[in-house]
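Structure at a glance
Below, each chain spelled out in residue letters.
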Amino acid sequence: MHLLDQTGAFLAIVYISIVLLFGLPVKYALLGTMIPLAISTLLIATTKTARVERRGNTNVKVVVTITLSTLFFGFTFFSFGFPVISVAQLTHKEYLGTLAFAIFSGTSALSAFFYGRSKVGEIKGLAFLGYATAAIASFGFALTYDVSLTLLYVFSALMGIAVGAIETFEPSIISKFTSSDKVATGMGTLSLGRALGISIGNLVMGFLYVVSPFYSYSFAAVMTLIASAIVLTVRR
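Source: prediction; values computed, not measured.

1. A short note on helix α3 (residues 34-45)
Over its twelve residues, α3 runs 16 Å from end to end, which matches the ideal 16 Å to within 8%, given 1.5 Å per residue. Within α3, only zero of the twelve residues are buried, leaving the element largely exposed.

2. Examining the environment of Ser40
If you trace the backbone, Ser40 turns up in helix α3. What makes Ser40 partly exposed here is its relative accessible area of 31%. Within the local environment of Ser40, its side chain forms a polar contact with the backbone oxygen of Leu37, the two atoms lying 2.8 Å apart.

3. Some details on unusual backbone geometry
Positive phi, normally seen in glycine, also occurs at His92, with a value near 60 degrees. Position of His92 relative to the elements: it lies in the loop between α5 (81-91) and α6 (94-117). By relative accessible area, which is 71% here, His92 ends up exposed.

4. Focus on the nonpolar core
In terms of nonpolar packing, the biggest core is built from 22 residues, with Phe80, Val87, Phe141, Met159 and Tyr217 touching the most fellow members. In terms of residues, this core owes the most to one element, helix α8 (residues 149-176), which gives six residues. Sequence-distant contacts of Val87, defined by excluding residues within four places in its chain, comprise His92, Leu96, Gly97, Ala100, Leu149, Leu152 and Tyr153.

Definitions and cut-offs
Residues numbered from 1 in each chain as written. Predicted model: local features only at pLDDT ≥ 70, side-chain atom pairs only at ≥ 80, totals over all residues. Heavy atoms only, no water. Helix = DSSP H or I, 4+ residues; strand = E, 2+ residues; numbered from the N terminus. Expected span 1.5 Å × (residues − 1). Buried < 20%, exposed > 50% of the residue type's maximum accessible area, 1.4 Å probe, protein only. Polar contact = N/O pair within 3.5 Å; in protein donor to acceptor, adjacent residues only side chain to side chain. Core = buried A, V, L, I, M, F, W, Y, C linked by side-chain atoms within 4.5 Å. Contact = heavy atoms within 4.5 Å.

Below, the structure written as structure tokens:
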């Protein structure tokens, strides 16, 4: 699912980057998004899914712990607009900024595909390949936001790899530790934790970014390390 989602995002960002490169009106690019949106809506509306019953009880402790870790990761799962702005400020070229998003989306899609087919344990995969890797990427942004375009692209790719792992392992853990009649509740709780973290985190990062991008990205990195520590407390 994440592979398809981020592949679409990658294609969209490449499209936007081309529009910016040639100085074309952005409004036409935005209007063009109506077409794939209409197609996806039609596909969802005509899709029928079978109900799958799965026995087992919901492990409330695991669900709450993962949601809490997701909340802290949400504090760091900043809008990728921040790295886009950093690249644009460094290079003074908007299309190079949006290309950072394309790199992020492309690596995120590929890593999700890899992790989805791998035998990596979900708990350690989420803690280390997801959260800890995201922390490294955030620290990388903090140290290189005004130094090197190449390094900003490298850390954009690293963040994509981290998010690919997170978007694969988080819902997998929730689905395995909830009964079939509570899966929707578990996923909703997961989304709630992420949404609260993102809304608060982006607000804090926005204020810190005005002071210095270093403080903004460093805040994100520290919060992600806390999320990694929390998820490691989960025991099967």
